[in-house]
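Observations on the three-dimensional arrangement
So the chains spell out like this:
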Amino acid sequence: MKVVLFCGGLGMRMRADNQSLPKPMMSIGDRPVLWHIMRYYAHYGHTEFILCLGYGARAVKEYFLNYEETTSNDFVLTKGCQHVDLIGTDVSEWTITFVDTGMDTAIGERLRRVRPYLEDDEFFLANYGDVLTDAPINSLVEELAATDAVGQFIAVRPQDSFHVVDMDSSGSVSGLTPAGDMPYRINGGYFVLRQGIFDFLDEGDDLVMDGCVKAAHAGQMRAVAYDGFWAPMDTLKERTYLEDLHRQGTGPWEVWQHAWA
């Protein structure tokens, strides 16, 4: 099953360093967040990737063209340090298709532009390229397959760092509630889609606010409430949080590291 990753984000709120990198190439440890997402899917057996490139396309291409397996795998060095025998590997089974989908293209249109690479797949996966989770993706595929819907995504709770303000027209505040405690959920950015999603996408459309909304009005869109780990990487604060989890070896999204995953 192919995985479509949208890789054109600018990452303007994380420009403390690596000023020219697109957001999916911002690092967690020694690898970009894009690699972490791809490794997550590969753990579940999904190793065919289609990268929808936009801003920073060259950085994405060069990273994989010059990929170093020794960075994240153990190896044995012999013959005067001239020969490397990898003990493990992470990308040898991956197939990656790189497609330039435009600099300022809406996500739905990016998906439309890679449709020719998906025509043999009844189902495919899609992701924003900057959010991490430990959701059991294959279970989500099975859930969608048991319905007639054209798409499904995980619905997660908002981050507690935001607070909802209860106030009246005079500006008097009666309460503050962490967003995560509210009875609302947001789109978590992990999609399972059928070919039928393209029936709801016109030229220039956004995937969520156009395609998913139209499919929902037709009764063809589903969401799965997920309360496990989910985290975006939109800001330096969020990136630092993920870096800390990775450094401690407790990153829940690193399912390939956990024997129980």
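Okay, so let's go over this structure. Given the structure is predicted, the values throughout are model-derived calculations rather than measurements.

**Things to note about a nonpolar patch on the surface**
Together, V165, M167, V173 and L176 make up an exposed nonpolar region whose accessible area comes to about 380 Å². In this fold, V173 is placed in strand β12 (residues 173-178). Overall, V173 belongs to the partly exposed group, its relative accessible area being 48%.

**Considering the environment of G54**
Examined against the element boundaries, G54 turns out to sit in the loop between β4 (48-53) and α2 (57-65). Take G54: its relative accessible area is 6%, and that puts it in the buried class. On a C-alpha basis, the gap between G54 and C7 in space is 6.5 Å, while along the polypeptide they are 47 residues apart.

**Remarks on the packing of aromatic side chains**
Scanning the model with the defined rule gives 14 aromatic pairs in all. Between Y40 and Y44 the ring centres are 5.4 Å apart and the planes differ by 70°, which places this aromatic pair in the edge-to-face class. For Y40, a relative accessible area of 1% gives the class buried. Geometrically, the ring pair formed by Y63 and F64 is edge-to-face, given 5.0 Å between the ring centres and 85° between the ring planes. Comparing Y63 with F64 shows no difference in burial state: the two are buried. An aromatic cluster is built from Y40, Y41, Y44 and Y190, whose rings are joined through pairwise contacts. The ring of W35 carries the charged tip of R31 above its face, separated from the ring centre by 5.6 Å.

**Considerations on the sheet that holds strand β1 (residues 2-6)**
Spatially, the 7 strands line up as an open sheet ordered β7-β4-β1-β8-β13-β10-β14, and their pairing is mixed. Bordering the open sheet on either side are β7 (95-100) and β14 (221-225), each of which pairs with just one other strand. Mean inter-strand twist for the sheet, computed between neighbouring axes without regard to direction, equals 25°. With 5 bridges connecting them, strand β10 (residues 151-156) and strand β13 (residues 186-194) associate as antiparallel partners. Considered in β13, the bridge of Q152 is made with V192. Where helix α4 (residues 137-145) meets the sheet, it contacts β8 (123-127), β10, β13 and β14, and its direction lies at approximately 60° from that of β13.

Calculation notes
Residues numbered from 1 in each chain as written. Predicted model: local features only at pLDDT ≥ 70, side-chain atom pairs only at ≥ 80, totals over all residues. Heavy atoms only, no water. Patch = residues over 30% accessible without salt bridge, like charges linked within 9 Å, V, L, I, M, F, W, Y side chains within 5 Å. Areas by Shrake-Rupley, 256 points an atom, 1.4 Å probe, with all protein chains shown as cover. Salt bridge = Lys/Arg side-chain N within 4 Å of Asp/Glu carboxyl O. Helix = DSSP H or I, 4+ residues; strand = E, 2+ residues; numbered from the N terminus. Buried < 20%, exposed > 50% of the residue type's maximum accessible area, 1.4 Å probe, protein only. Phe/Tyr/Trp six-rings, centres within 6.5 Å; stacked < 30°, edge-to-face > 60°. Lys NZ or Arg CZ within 6 Å of the ring centre and 35° of its normal. Pairing = 2+ DSSP bridges. Axes fitted to C-alpha atoms, helices over the stretch in contact; angles between N-to-C directions. Contact = heavy atoms within 4.5 Å.

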